[in-house]
Amino acid sequence: VWEAELPRITPDANGNYQQGYIEFHNKGMQGGNHFISAYPNPASQWVAINYTLPYPSEKATISIYNASGKTVNIIELQAAIGQTIWDTRKIPSGLYFYCLQVNGDTIDNRKLIISK
């Protein structure tokens, strides 16, 4: 079990980005914890996806799929722990899935709702 403080960058109501910090506690999948989470969910204009990789990797991505299984976006990850902001203003309302993949293996899947 380890803890870390990471930067959190979030847009305000005017579209300007604010930097703060969030605490991150990683206990792996034990106890129902996840390696990725999204906020806000439901999202309308943007969503912040926080992630941590469970082990060292050569390639890690977050893939986002619509309810039909079509890939909507793939985000390449550069750090073992971090946050990425996804602009959803041009994404239709609906149910989406975001998936953390490490070295080709699916590590975690979660649901995301886009609501305009």
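Residues numbered from 1 in each chain as written. Predicted model: local features only at pLDDT ≥ 70, side-chain atom pairs only at ≥ 80, totals over all residues. Heavy atoms only, no water.

A. Spatial organisation of the nonpolar core. Counting residues in each nonpolar core, the largest one holds 22 residues, and the members touching the most others are I62, I64, L77, Y98, L100 and L112. Only strand 3 (36-39), strand 4 (46-52), strand 5 (60-66), strand 8 (94-102) and strand 9 (105-114) provide two or more residues apiece to this core. Contacts of I64, omitting those with residues within four sequence positions, involve I49, K70, T71, V72, N73, I75, W86, Y96, F97 and Y98. (Core = buried A, V, L, I, M, F, W, Y, C linked by side-chain atoms within 4.5 Å. Buried < 20%, exposed > 50% of the residue type's maximum accessible area, 1.4 Å probe, protein only. Helix = DSSP H or I, 4+ residues; strand = E, 2+ residues; numbered from the N terminus. Contact = heavy atoms within 4.5 Å.)

B. The arrangement of the packing of aromatic side chains in detail. Tallied over the entire structure, the rule returns 1 aromatic pair. Note on W86 and Y96: the rings are 6.5 Å apart at their centroids and 75 degrees apart in plane angle, and the pair reads as edge-to-face. Placement of W86 in strand 7 (residues 81-87) and of Y96 in strand 8 is noted, with a sequence separation of 10 residues between them. (Phe/Tyr/Trp six-rings, centres within 6.5 Å; stacked < 30°, edge-to-face > 60°.)

C. Looking closely at the sheet that holds strand 9. Across the sheet, 4 strands lie side by side as 6-5-8-9; this open sheet has antiparallel pairing. Two strands lie at the open edges of the sheet, namely strand 6 (71-76) and strand 9, each paired on one side alone. Going across the sheet, the axis of each strand differs from the next one's by a mean of 20 degrees, ignoring polarity. Pairing between strand 5 and strand 8: 7 bridges, direction antiparallel. In the strand pairing of strand 8, I64 is matched with Y98. (Pairing = 2+ DSSP bridges. Axes fitted to C-alpha atoms, helices over the stretch in contact; angles between N-to-C directions.)

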